[in-house]
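So the chains spell out like this:
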Protein chains: 2
Amino acid sequence: MATTLRDIAKEAGVSICTVSRVLNNPKAIQVRDETRRRVLGAAQRLSYRPNIMARGLVKKRTNLIGVVVPSLTNSFLSETVQGIQDIAEELSCSVLLYTHRYNPAKEAEYLQVLRDKGVDGIIWMPMFESNIPLALELEKEIPIVQIHTAFKSLTSPYVTAEHEKGAYLATEHLIKLGHHRVAHFGLSDDIHGKLRHLGYMRALTEYQIPYDPQLVFEAGYDWHNGYAAAQELLKLPADLRPTAVFCCGDMTAWGAVESFKKAGLAVPEEMAVVGFDDLAIAAWMEVPLTTIALPKADTGRVAMAKLDEKIRTGETESVCLDVRLVIRESSQSSRVSNMLSQVQTG
Amino acid sequence: MATTLRDIAKEAGVSICTVSRVLNNPKAIQVRDETRRRVLGAAQRLSYRPNIMARGLVKKRTNLIGVVVPSLTNSFLSETVQGIQDIAEELSCSVLLYTHRYNPAKEAEYLQVLRDKGVDGIIWMPMFESNIPLALELEKEIPIVQIHTAFKSLTSPYVTAEHEKGAYLATEHLIKLGHHRVAHFGLSDDIHGKLRHLGYMRALTEYQIPYDPQLVFEAGYDWHNGYAAAQELLKLPADLRPTAVFCCGDMTAWGAVESFKKAGLAVPEEMAVVGFDDLAIAAWMEVPLTTIALPKADTGRVAMAKLDEKIRTGETESVCLDVRLVIRESSQSSRVSNMLSQVQTG
DNA sequence: TTGAAAGCGCTAACAG
DNA sequence: CTGTTAGCGCTTTCAA
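Scoring rules and cut-offs
Residues numbered from 1 in each chain as written. Chains lettered and ligands numbered in written order. Predicted model: local features only at pLDDT ≥ 70, side-chain atom pairs only at ≥ 80, totals over all residues. Heavy atoms only, no water. Least-squares fit on C-alpha atoms with pLDDT ≥ 70 in both. Contact = heavy atoms within 4.5 Å. Patch = residues over 30% accessible without salt bridge, like charges linked within 9 Å, V, L, I, M, F, W, Y side chains within 5 Å. Areas by Shrake-Rupley, 256 points an atom, 1.4 Å probe, with all protein chains shown as cover. Salt bridge = Lys/Arg side-chain N within 4 Å of Asp/Glu carboxyl O. Helix = DSSP H or I, 4+ residues; strand = E, 2+ residues; numbered from the N terminus. Buried < 20%, exposed > 50% of the residue type's maximum accessible area, 1.4 Å probe, protein only. Pairing = 2+ DSSP bridges. Right-handed = clockwise from strand over helix to strand, strands pointing away. Buried area = accessible area lost by both parts, 1.4 Å probe. Polar contact = N/O pair within 3.5 Å; in protein donor to acceptor, adjacent residues only side chain to side chain. Nonpolar A, V, L, I, M, F, W, Y, C, P; charged D, E, K, R; others polar. Core = buried A, V, L, I, M, F, W, Y, C linked by side-chain atoms within 4.5 Å. Near = heavy atom within 4 Å.

1. Focus: the relation of the copies chain A and chain B
With an RMSD of 0.2 Å, the operation that places chain A on chain B is a rotation of 180 degrees combined with a shift of 0.1 Å along the axis. As the rotation angle and translation indicate, the two copies are arranged about a two-fold axis. When the interface residues of chain A are mapped onto chain B, 100% of them again fall at the interface, so both copies present the same face.

2. Description of a nonpolar patch on the surface
Residue and element names in this part refer to chain A. Together, Ile 191, Leu 195 and Leu 198 give the surface a local cluster of nonpolar side chains, amounting to about 230 Å² of exposed area. Mapped onto the fold, Ile 191 is located in helix α9 (residues 191-206). Using a relative accessible area of 36% as the deciding quantity, one classes Ile 191 as partly exposed.

3. Things to note about unusual backbone geometry
Omega for the bond connecting Val 267 of chain A with Pro 268 of chain A falls within 30 degrees of zero, at 10 degrees, which places this linkage in the cis form. Positive phi, close to 40 degrees, is recorded for Ser 92 of chain B, a residue that is not glycine. By the secondary structure assignment, Ser 92 of chain B is in the loop between α5 (75-90) and β2 (94-99). Although it is not a glycine, Tyr 102 of chain B sits at a positive phi angle of roughly 60 degrees.

4. Description of the pairing of strand β1 (residues 64-69) of chain B
Residue and element names in this part refer to chain B. For β1, the buried fraction is high: 6 of the 6 residues fall into the buried class. Here β1 shows a buried face lined by Leu 64, Gly 66 and Val 68 and a second buried face lined by Ile 65, Val 67 and Val 69. Strand direction decides the pairing type here: β1 and β2, joined by 6 bridges, are parallel. The residue of β2 that forms the bridge with Val 69 is Thr 99. On the question of chirality, the crossover connecting β1 to the parallel β2 by way of α5 is right-handed. Summarising the sheet, β1 and strand β3 (residues 121-124) pair through 4 bridges and their orientation is parallel. Paired with Ile 65 across the strands is Gly 121, a residue of β3.

5. Remarks on the interface of chain A and chain B
Taken together, the 48 residues of chain A in the interface contact 48 residues of chain B. Between chain A and chain B lies a buried interface of about 4,400 Å² when both sides are counted; carbon and sulfur atoms form 55% of it. There are 6 salt bridges connecting chain A and chain B. Our count for the chain A to chain B interface comes out at 20 residue pairs in polar contact (both at pLDDT 80 or more). Among the elements of the structure, α4 (52-59), α5 (75-90), β2 (94-99), α6 (104-117), α10 (223-234), α11 (250-262) and α12 (280-284) of chain A are those that each provide at least two residues to the side of chain A that touches chain B. Ranked by residues supplied to the side of chain A that touches chain B, first place goes to α6 of chain A with 8 residues. Classifying every residue of the side of chain A that touches chain B by side-chain character gives 21 nonpolar, 13 polar and 14 charged.

6. A short note on the nonpolar core
In this structure, Phe 185 and Phe 260 of chain A together with Phe 185 and Phe 260 of chain B are the most contacted members of the largest nonpolar core, which totals 146 residues. Once residues lying within four places of it in the same chain are set aside, the contact partners of Phe 260 of chain A are Phe 185, Ala 230, Leu 233, Leu 234, Val 245, Leu 265, Val 267, Met 271 and Val 273 of chain A. Of all hydrophobic cores here, the second largest spans 38 residues; its members include Tyr 98 and Tyr 110 of chain A together with Leu 96 and Leu 111 of chain B.

7. As for the pattern of salt bridges
With the rule as written, the count across this model stands at 42 salt bridges over all chains. Note that Glu 172 of chain A and Lys 176 of chain A form a salt bridge whose closest N and O atoms lie 3.8 Å from each other. You can see Glu 172 of chain A and its partner Lys 176 of chain A sitting in helix α8 (residues 163-176), 4 residues apart, about one turn around the helix. Judged by relative accessible area, Lys 176 of chain A falls into the exposed class, the value being 60%. A cluster of three or more residues bridged by salt bridges with shared partners is formed by Glu 258, Lys 261 and Glu 286 of chain A together with Glu 258, Lys 261 and Glu 286 of chain B.

8. Some remarks on the protein's contact with DNA strand C
Taken together, 28 residues are adjacent to DNA strand C, and Leu 5 and Tyr 48 of chain A together with Thr 18, Arg 21 and Thr 35 of chain B come closest. Looking at DNA strand C alone, sugar and phosphate atoms form 70% of those within 4 Å of the protein. A distance of 3.4 Å separates a base nitrogen of DNA strand C from a polar atom in the backbone of Ala 54 of chain A. Interatomic distance of 2.6 Å between a side-chain N/O atom of Thr 18 of chain B and a phosphate oxygen of DNA strand C. For the surface near DNA strand C, the elements supplying multiple residues, two or more each, are α1 (5-12), α2 (16-24) and α4 of chain A together with α2 (16-24) and α4 (52-59) of chain B. Examining the composition of the surface near DNA strand C, we find that 5 residues originate from one element, α2 of chain A, more than from any other. Tallied by class, the residues present in the surface near DNA strand C amount to 13 nonpolar, 8 polar and 7 charged.

Structural measurements only, silent on function.
Here's what the structure looks like:
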């Protein structure tokens, strides 16, 4: 059986409460040195470890936070979770992790389970509007921070990123490279997809390039989606074919690149491709991928810090983190990029 | 404030203990129907949710398990964790996740924290021998299941996979394809690396191919390692150059393939490549990668099931899960593979 | 069929 | 400086 305060008290010949005092106030003033030494010695000898549940029961604080995300089999989210963990550790707080795999009922269930477990707070990537009522209920009882996306009808703070701006930067980059027919592979029924599409549109507008709906292809975030969309694109008559495509994600872009290569199109010479996310693979592709770097781990880190603030002070601000255009070779030949970098450094 | 048993008791006009009885024994015999109804009604009305910590305190059971792995930014491990979660959910048990990022001190710390938190059991991917003494101590107090690799000096059961056999199958596959000079990119100071190297050696021996140390290159599991090892390999004089290489991981293989392509070598025609792991990317590469499929999610699922068994019965067996050769195009041209499949189906 | 009472291990006033 | 007391929310004998 684990040793308890009582055991130490007996061993040290003091009261339980004195033991508690010694153990909790690292530099306590209110304990005689001699006593302190005895207690510490006994604790050491009996290799005492506090019972977190008992402590939690009385302090109403578990040092446990819950995380609810759709999945981990997605390097994007796993990096975010990693970021959460990093800060959680600094705050010596543990992470209870739940992945609902895009199942609305599970998302709801996990949120509730987390509340029941008595976690101090929840970091949540909201996916289903159907769970808004539940979330409204929960956020009254427990601090919540939304990540990556946010239901604005909740009062809980969020940590997101400039998706729209990222899409704008990506598209602008292609336009500045001289492309006039820029396609977009993306999703129209998804929050991030919509924002990225919006950024794409804004760039076209600002650079006075007419919007051609034929150049927008529905495609999700998987490799296969990109591959398929590229196949569709290649069916366009030669004179309508775009010379560049902005993809909603790096995996999509990768699939597209493979598809283009298979069709005999050189990337970037005959088809420039830009992705979104800046996953590790972007740098490893045969033609390294130009993309938009999203704050993956940072989102997690900031969210955890905000949650902590919210738990302690009851308040915290939302933030929208910045994104960055990462220029590699899939959008331009290295000759061009060398010229560009000379211009920049010159 | 959350509603407690006391609130319900008052609302229903019964004792706290009766409430507890009703709520815990779904089909209890020992409560009058009328009473049961009143209690259930009150619980409903007050939207009661049990306080897990209080319950845990008295039952000495938290329905919490701990998972300690090196990292999540690794699709291999994130799939395993996903597998653990799947079964954990069925057992309605939550997962406390810790990633130590290959830091021995943290691994030790997390293991202890987990014990302190009062988790019912731990699933652990052991990484550092320096933590064996601690583990020996811990396994006396709390059920532990090792995954992916195992310290045999612990009595804790493990769930691993046939790495040696996988390496054997990969190498054998290349040999059967007619390759006589098969290189190996791998790690010599890592458990999995050693096993894979062993399997490679065994295949050579069984097929009476002399072992040439010049063909073994030290390379870790990252893309860059494969890329670098391939560069080294290409420095060999033409007559010594191997025609095939078995890599210790899919990322390594990917890096190698890119390196070969950049050097003008066609894969698989001039250089056959086989990986290990069967990550999602293996199927997406320009030349889909032949590889060894490891039970990633299954390892997690089985481990969680075993841990549960161990928690409940005190005993459970170790297992070594099987692996599978997945033949794609990086090891053989599609003509050959077509011929092969005809042979198989004919 | 129900309730009273003890206690899980810990913290936190309040006295001494 | 230290001990006494009460209680967190729940389960669980043991009686009634």
